[in-house]
Every structure is written in C-alpha cells, then in structure tokens.
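Here are the chains, one letter per residue:
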Amino acid sequence: MAKNSRIEWTDHTFNPWWGCGKISPACKHCYAEAWAKRVGAGVWGARAPRRFFGDKHWAEPRRWNEEAKVTGRRHRVFCASMADVFEDRRELDPWRAKLATLISETPWLDWLLLTKRPDRAADLAPWGSAWPSNVWLGTTVETQAWAERRLPELVAVPAKVRFLSCEPLLAGFDLSSWLRPHIHWVIAGGESGPRARPSDPAWFRALRDQCVAAGVPFHFKQWGNWAPAEEPSQASRVIGGTPLVRVTKKAAGRYLDGKTWDQLPA
C-alpha cells in the first residue's frame, strides 16, 4: 500500500492481499512477484498461500477518502498492484466482499481494478449489472491475441470506466474497433527490470494515434529499460528498424515524440 504512489496514473495504491499466479506473456517478468520475493513473501503461484492484512491496513483508504472530500478533488486508487482481485480462489471471497464494502464507504475515491482475468470479473464481483460509479475496471493487453481474448470480456462488464493497460507492450496491435464507446482510457508502457523485453516505439505511436483518432485519453507511462538511441552507434538492439539502447528507467523517461501523455478519463 502506498499513499502518493509513484505510479504516474494513480494517486494511491491499495492491496487487499498479496499474491497471484502467472497466466499470460505479460506476467513473465512480473515486478510484483520479484518484489514479494525480495521481502521474503512466498505468495506467488497457483498453490502458494496469499498474504492478508489487518484492520490498520484497511483503514487507510477511509483516511484518503476524508482527505479527498475536504479538498474537493477525487483521488484514484490502484487496486491491487500485488495481486489480482478476480483471481478465482474461494479463500479470497470474503476479502473481495470486504473490499466491496470499503469501496461503498469511500465515494470520494475512484477504485481502479486492473485484472488479467476480466472473464471472472462479472461472476466474482458482487455488483451484478449495477457497478458502483467509483469503480473503474481495466485489463492488461500485451498483444493482439490477448486483446482479442480479453476485450470482449471487459466490455461486457457495465463499469462506468473501462480501461486498458498495454504494459509491457510486447507487439503492435489494432484497438480501433474497440475504443469508442467501449474503452475510455488506454495506458501504455515498456517493460523494466533486469530481463526487460524491448518495445518498438512504433507500437506506442500506433496506440497513441488510434486513441487520438477515437477521442480516447492516452497515457504513456514509461519507456522502461529500453529507449530510442540518440545516435544509431549507441544502439544495443534494433527493433522494427529503430535503434534502442538499454538504460535505467529514470534515464529513459516518458517522453513520446517530445511530450508527455498524461491524459485521463473525464
């Protein structure tokens, strides 16, 4: 959990529990798994236990809600950066119910539920056809194949805001038929970490251009650990004809064609 999160597209992060299992190529170098291992939490994998938290942890979002109410500015909460709310395990059911109660008690917070399992969202969420207005539902799409698999499941859910996280972006793909009116926000970014896979800058530009054409807000989160080389001689990889150089995530930055893209849903 983190107040004032470093993640560019949210204000805070909240984890109802820790732990998950890998289900698609985007999961290969999961940062959350690496972080859990770093702090000695053995919570990754289909058979691993999940880590739960006490009342003090669950009280924090209520404080954020009061702060947002006082300032008159809604806060975004990314839930859950270290788990998947819609992982289909029965021991998680009471914790999902507790999360639903918390969401209902914090109307000044917009809860961003990002899942790789949108096919389970409708069944495991308690809201049926009446999702709360402060719940945004998103899914990860890293390639065209996974977009075609997950997008029908996502758009079938009546969330007020539906969004995509194209991070790590592993291929170029076409979202144009899915954007308006089904998708309200697109986040894109490259992979970071010691084994990060490079992304072709053309893939990001294509997503941006599709969003601009459809009038859908676009957020470019990061290049990750691979960025376009200033000089071709510096390149250590060439992807799609573009010379790339491996650098730190901070050095790579998040400018796309000379500007930052920090758009949000209205």
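Here, every reference points to the structure presented above.
Quantities reported herein were computed from a predicted structural model and do not represent experimental measurements.

Visitor: How would you explain the overall build of the protein chain if you had to name every residue and give the values?
Guide: Across its full length, the protein chain holds seven helices and 12 strands. Here the C-alpha atoms of the protein chain give a radius of gyration of 18 Å, agreeing with the 18 Å that 2.2 N^0.38 yields for 266 residues. Across its three principal axes, the protein chain shows a C-alpha extent of roughly 55 × 40 × 40 Å. Here the protein chain, with 266 residues, has 54% of them falling under the buried criterion. Within the protein chain, residue pairs in contact and separated by at least 24 positions form 72% of the contacts whose partners lie at least 6 positions apart. Here the protein chain has roughly 12,200 Å² of accessible surface; of this, 53% comes from carbon and sulfur atoms. Averaging the positions of the 39 positive and the 28 negative side-chain charges in the protein chain gives two centres separated by 4 Å.

Visitor: Tell me what's going on with the nonpolar core, and back it up with residues and numbers.
Guide: Judged by nonpolar contacts, the single largest core of 63 residues is most densely connected at Trp 111, Trp 131, Cys 166, Leu 175 and Val 186. If sequence neighbours within four positions are ignored, Trp 131 has contacts with Phe 86, Ala 121, Ala 125, Leu 137, Val 157, Pro 158 and Ala 159. Grouped together as the second largest cluster of nonpolar side chains are 10 residues, Trp 9, Val 161, Trp 185 and Ile 187 included.

Visitor: Any details on the packing of helix α2 (residues 55-71) against helix α3 (residues 93-104)? Residues and values, ideally.
Guide: Interhelical geometry of α2 versus α3 gives an angle of 30° and a closest axis separation of 10 Å. Taken together, the axes of α2 and α3 are roughly parallel relative to one another. Relative to α3, α2 is oriented so that their crossing is right-handed. Touching Asp 55, Trp 58, Pro 61 and Arg 62 of α2 are Trp 95, Lys 98, Leu 99 and Leu 102, all from α3. For the contact of α2 with α3, the residue count by class is five nonpolar, no polar and three charged.

Visitor: Talk me through the pairing of strand β9 (residues 218-222); I want residue IDs and the actual numbers.
Guide: Within β9, five of the five residues are buried, which leaves it mostly tucked inside the rest of the structure. As judged from the four bridges shared by strand β8 (residues 185-189) and β9, these two strands associate in the parallel manner. Looking across to β9, one finds that Val 186 is bridged to Phe 218. Traced from β8 through helix α6 (residues 201-214) to β9, the parallel crossover comes out right-handed.

Visitor: Before we move on, could you go through the sheet that holds strand β12 (residues 242-246) and cite the residues and values that matter?
Guide: Strand order in this open sheet of three strands is β10-β12-β11, and the pairing throughout is antiparallel. Sheet topology places β10 (226-228) and β11 (237-239) at the edges, where each strand pairs with a single neighbour. The average undirected angle you get between the axes of adjacent strands in this sheet is 45°. In the sheet, β11 pairs with β12 via three bridges, with the strands oriented antiparallel. Considered in β12, the bridge of Ile 239 is made with Thr 242.

Quick notes on the rules
- Residues numbered from 1 in each chain as written.
- Predicted model: local features only at pLDDT ≥ 70, side-chain atom pairs only at ≥ 80, totals over all residues.
- Heavy atoms only, no water.
- Helix = DSSP H or I, 4+ residues; strand = E, 2+ residues; numbered from the N terminus.
- Rg over C-alpha atoms; globule rule 2.2 N^0.38 Å.
- Buried < 20%, exposed > 50% of the residue type's maximum accessible area, 1.4 Å probe, protein only.
- Contact = heavy atoms within 4.5 Å.
- Areas by Shrake-Rupley, 256 points an atom, 1.4 Å probe, with all protein chains shown as cover.
- Lys, Arg positive; Asp, Glu negative; His and termini not counted.
- Charge placed at Lys NZ, Arg CZ, Asp CG, Glu CD.
- Core = buried A, V, L, I, M, F, W, Y, C linked by side-chain atoms within 4.5 Å.
- Axes fitted to C-alpha atoms, helices over the stretch in contact; angles between N-to-C directions.
- Parallel < 35°, antiparallel > 145°, perpendicular 65-115°, else oblique.
- Left-handed = near helix turned anticlockwise from the far one by under 90°.
- Nonpolar A, V, L, I, M, F, W, Y, C, P; charged D, E, K, R; others polar.
- Pairing = 2+ DSSP bridges.
- Right-handed = clockwise from strand over helix to strand, strands pointing away.

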